[in-house]
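# Structural features, examined
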Amino acid sequence: MNNEALFRYLLRLGDDSLILGQRLGEWCGHGPILEEDIALTNIALDLIGQATSILNYAGEVEGKGRDGDKLAFLRFEHEYTNLLLLEQPNGDFGDTIMRQFLFDAFRKPLFEQLIHSGDKQLSAIAEKSLKETKYHLRHTSEWIIRLGDGTEESHQRIQKSLDNLWRYTDEIFMTDSVDEELTKNGILPDLSSIRSIWEETVKSVFAEATITIPTNNWKFEGGRRGRHSEHMGYILSDLQYMQRAYPNMEW
Amino acid sequence: MSATEWPLWEVFIRSKQGLNHKHVGSLRAADATMALENARDVYTRRSEGISIWVVESNYVHANDPSDSEEFFEPSDTKIYRHPTFYDVPDGVKHM
């Protein structure tokens, strides 16, 4: 097996954590209540921690002397391969929770299966990240139910968040030659098996939250190929500012 | 406090097996589930605990500070209630 596929997969995995972590970090100091502000920032820090391990490992696999920091801060927009879902703006609290929930419901079964990966390092990263992700999913599921089955206004607003974000969910399960090669070699689980677990989770939570999955068929994709929405440039200018303005600075 | 504000909860954390839960602070939450999660996020982020109790502050009853005289001072003069009048035999260790 060539390392190229593993490297590209690790970038996807790491970029998902990195970009969502960066997005959530924007909530710091702006949470609806102090307790939730800290909860969101804790999740952001978990994600940045995951990104650090995954991207460091990606750098090792690539073998060109790039570490996690170099990969996180010094690539161009088209070289990031995170899901489009994760770069969408925070919106209101419901939008942020919905984005997080749709992702957590995918990440939990993914990490559960990656623990059995033939790649030892990836398996260890999955094992550590799974514990964090289980909590994230629990936290966001409860919020989806509270908001959906809450007041008339909270119900309408969380339904609207779902209506807006649902079209980004197909991309989560799209596969290409990278996934196929890794699955063939026992590094990656089959994504279609994870999709059925994901669907079960979101359907049962949405049923309890009394919100409905929209029926529109319009689906966005492109993140895995480095084709991003207009929001990505702004995220990167925040994320990369220090390294671009003061190359090689450390603190 | 406005009528729409969530109730206040008192948080107790057990730092390790065998120790008591200790009061660490309070927070606001809509119900017990949320209170436990908020406590986890606010009070255990630096590995402070392995078990959390939350109690709605309404249910904590406290003595009136103006009662201190009759509540606490009478025991100040009863030093015989402390076990300090025993001779400890030489053979006893770890006392």
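Refer to the structure presented above.
Let us look at the structure shown here. The model shown is predicted, which means the values in this text are computed figures rather than measured ones. (Residues numbered from 1 in each chain as written. Chains lettered and ligands numbered in written order. Predicted model: local features only at pLDDT ≥ 70, side-chain atom pairs only at ≥ 80, totals over all residues.)

A count of helices and strands for chain A gives 10 helices and zero strands. Taking 2.2 N^0.38 as the reference for a compact globule, 251 residues should give roughly 18 Å; the C-alpha atoms of chain A span a radius of gyration of 18 Å, in line with that estimate. Taken along its principal axes, the extent of the C-alpha atoms in chain A is 55 × 45 × 35 Å. Each of the 251 residues in chain A was classed as buried or not, and the buried ones make up 40%. Long-range contacts, defined here as pairs at least 24 residues apart, represent 75% of the contacts in chain A between residues at least 6 apart. (Helix = DSSP H or I, 4+ residues; strand = E, 2+ residues; numbered from the N terminus. Rg over C-alpha atoms; globule rule 2.2 N^0.38 Å. Buried ≥ 20, exposed ≤ 12 C-beta atoms within 10 Å, placed from the backbone. Contact = placed C-beta atoms within 7 Å.)

Once that is clear, we can look at helix α7 (residues 152–165) of chain A. Residue and element names in this part refer to chain A. Between its first and last C-alpha, α7 extends 20 Å over 14 residues, near the 20 Å set by a 1.5 Å rise per residue. Those residues of α7 not exposed but buried are R157, I158, Q159, S161 and L162. Considering only its buried residues, α7 is in contact with α5 (93–114) and α6 (120–148). (Expected span 1.5 Å × (residues − 1).)

It is worth spelling out the nonpolar core at this point. Within the largest apolar cluster, 59 residues are counted, with the highest numbers of intra-cluster contacts made by L10(A), I54(A), A58(A) and I144(A). In this view, I144(A) contacts I97(A), M98(A), F101(A), I158(A), V205(A) and A209(A); residues no more than four positions away in its chain are not counted. Core analysis: the next-biggest nonpolar cluster, separate from the first, contains 11 residues, A29(B), A39(B), V42(B) and V54(B) among them. (Core = buried A, V, L, I, M, F, W, Y, C linked by C-beta atoms within 7 Å.)

All names here are of chain B. Mapped onto the elements of the fold, E73 is located in the segment after α2 (68–72). The class for E73 is exposed, based on 9 C-beta atoms found within 10 Å. Sequence separation between E73 and V42 is 31 residues; the distance between their C-alpha atoms is 37 Å.

Turning to the packing of helix α1 (residues 3–25) of chain A against helix α2 (residues 34–62) of chain A, a few remarks are in order. A pair of packed helices is captured by two measures, namely the crossing angle of their axes and the spacing between those axes. Residue and element names in this part refer to chain A. Packing of α1 against α2 leaves a shortest axis separation of 7 Å and a crossing angle of 160 degrees. Relative to α2, the element α1 is oriented roughly antiparallel. Considering how the two elements wind past one another, α1 and α2 form a crossing that is left-handed. The class makeup of the residues in the contact of α1 with α2 is 19 nonpolar, six polar and one charged. (Axes fitted to C-alpha atoms, helices over the stretch in contact; angles between N-to-C directions. Parallel < 35°, antiparallel > 145°, perpendicular 65-115°, else oblique. Left-handed = near helix turned anticlockwise from the far one by under 90°. Nonpolar A, V, L, I, M, F, W, Y, C, P; charged D, E, K, R; others polar.)

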